[in-house]
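A closer look at the structure
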Amino acid sequence: MKIALLGYGKMGKVIERIALERGHEIVLKKDETNTFDGLSTADVAIDFSVPTAAVDNISNCFHANVPVVSGTTGWLEHFDEMVALCNEKQGGFISSSNFSLGVNIFFELNEYLAKIMSQFDSYKVTMEEIHHTQKLDAPSGTAISLAKGVIENSNYANWTMDEAKNNEIHIAAKRIGDVPGTHTVTYDSVVDSIELKHTAHNREGFALGAVIAAEWLAGKKGIYNMKDVLNLK
Ligand SMILES: NC(=O)C1=CN([C@@H]2O[C@H](COP(=O)(O)OP(=O)(O)OC[C@H]3O[C@@H](n4cnc5c(N)ncnc54)[C@H](OP(=O)(O)O)[C@@H]3O)[C@@H](O)[C@H]2O)C=CC1
Ligand SMILES: O=C(O)C1=N[C@H](C(=O)O)C[C@H](O)C1
């Protein structure tokens, strides 16, 4: 499979190694300085760039008729525009705040726990995410997905990084050293706490998940997510 890498930073480089190990060919490594030359020859594109570049990268894929896997976070306010463009161009699109198998299992557990906890007012939920100091966005896309998972399965209405009102989920974002990504969901009562925690030990899981998603998406049209790829529906 011919892959275009849109973004060739920490993630792009791990994705390249895993893609080559799985027998794929890299036909474009797009960074801040070069052009999209070669994009139209790709079977699939994988975007792990920066929040300000994601929309342009994804749009170019739809215009070039190349299905795109998007892992970049921090551009969610434009998500509906990209869905509309994908539909208009009859493209293929998978976007996820986190492509690792472990986090996608964690997402399922988070939704299940939220359903149970919605029956018990004595517990209040909070979330914490810890990442490396180079991360541009806060809170992490994964923390936002976790908060949405709780909101869809409980009476919580919103998330905030400020002081949380009764129906709001507080998210704390910490930036420490080289931490690849740690997420904790905590339900606290006066008498005890319940914690769900995922700790990434490196970037391999995110990168492998993105390559598996690209293999799954190549040749398809439509809008999908990791539940489709991992058959979790
Ligand atoms: N969904 C998931 O599973 C995961 C998502 N992420 C997300 O992926 C993104 C990238 O993370 P990471 O690799 O750590 O970040 P890096 O900062 O290491 O890499 C970002 C890359 O994007 C490049 N870039 C800048 N502008 C453009 C542009 N216009 N077109 C294409 N590339 C551009 C940068 O190029 P240059 O070097 O020239 O500036 C750099 O190579 C982040 O949003 C992060 O949150 C990260 C891990 C997992
Ligand atoms: O920037 C990162 O590094 C990561 N970003 C993603 C996010 O914002 O959730 C996923 C992962 O936690 C690493």
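Rules used throughout
Residues numbered from 1 in each chain as written. Chains lettered and ligands numbered in written order. Predicted model: local features only at pLDDT ≥ 70, side-chain atom pairs only at ≥ 80, totals over all residues. Heavy atoms only, no water. UniProt positions renumbered as here; feature names shortened; annotations may be inferred. Pairing = 2+ DSSP bridges. Helix = DSSP H or I, 4+ residues; strand = E, 2+ residues; numbered from the N terminus. Axes fitted to C-alpha atoms, helices over the stretch in contact; angles between N-to-C directions. Contact = heavy atoms within 4.5 Å. Near = heavy atom within 4 Å. Polar contact = N/O pair within 3.5 Å; in protein donor to acceptor, adjacent residues only side chain to side chain. Areas by Shrake-Rupley, 256 points an atom, 1.4 Å probe, with all protein chains shown as cover.

Per an unreviewed UniProt entry, the recorded name for the chain is 4-hydroxy-tetrahydrodipicolinate reductase, and the organism is Flavobacterium saccharophilum. Quoted verbatim from the Sequence similarities (unreviewed entry) field of UniProt, the annotation for the chain is "Belongs to the DapB family."

A closer look at the sheet that holds strand 5 (residues 92-95)
Within a sheet, each strand pairs with its neighbour through backbone hydrogen bonds, oriented either parallel or antiparallel. The strand order across the open sheet formed by six strands is 2-1-3-4-5-11, and the pairing between neighbours is parallel. If you trace the sheet from one side to the other, it starts and ends with strand 2 (25-30) and strand 11 (222-224), each paired once. The mean inter-strand angle of the sheet, taken between neighbouring strand axes irrespective of direction, is 15°. In terms of strand pairing, strand 1 (residues 2-6) meets strand 2 through five bridges, oriented parallel. By the bridge assignment, I3 is partnered in strand 2 with I26. This element, helix 3 (residues 79-89), spans strand 5 and strand 11 of the sheet and lies at about 155° to strand 5.

Some remarks on the site of ligand 1
Contacts to ligand 1 come from 23 residues, most closely from K10, M11, T73, F99 and K135. Between a nitrogen atom of ligand 1 and a main-chain N or O atom of D31, the distance comes to 3.4 Å. T73 places a polar side-chain atom, nitrogen or oxygen, 2.6 Å from an oxygen atom of ligand 1. When ligand 1 sits alone it has 930 Å² of accessible area, and the protein chains cover 79% of it. Secondary-structure elements contributing two or more residues to the shell around ligand 1 are helix 1 (10-21) and helix 2 (51-63).

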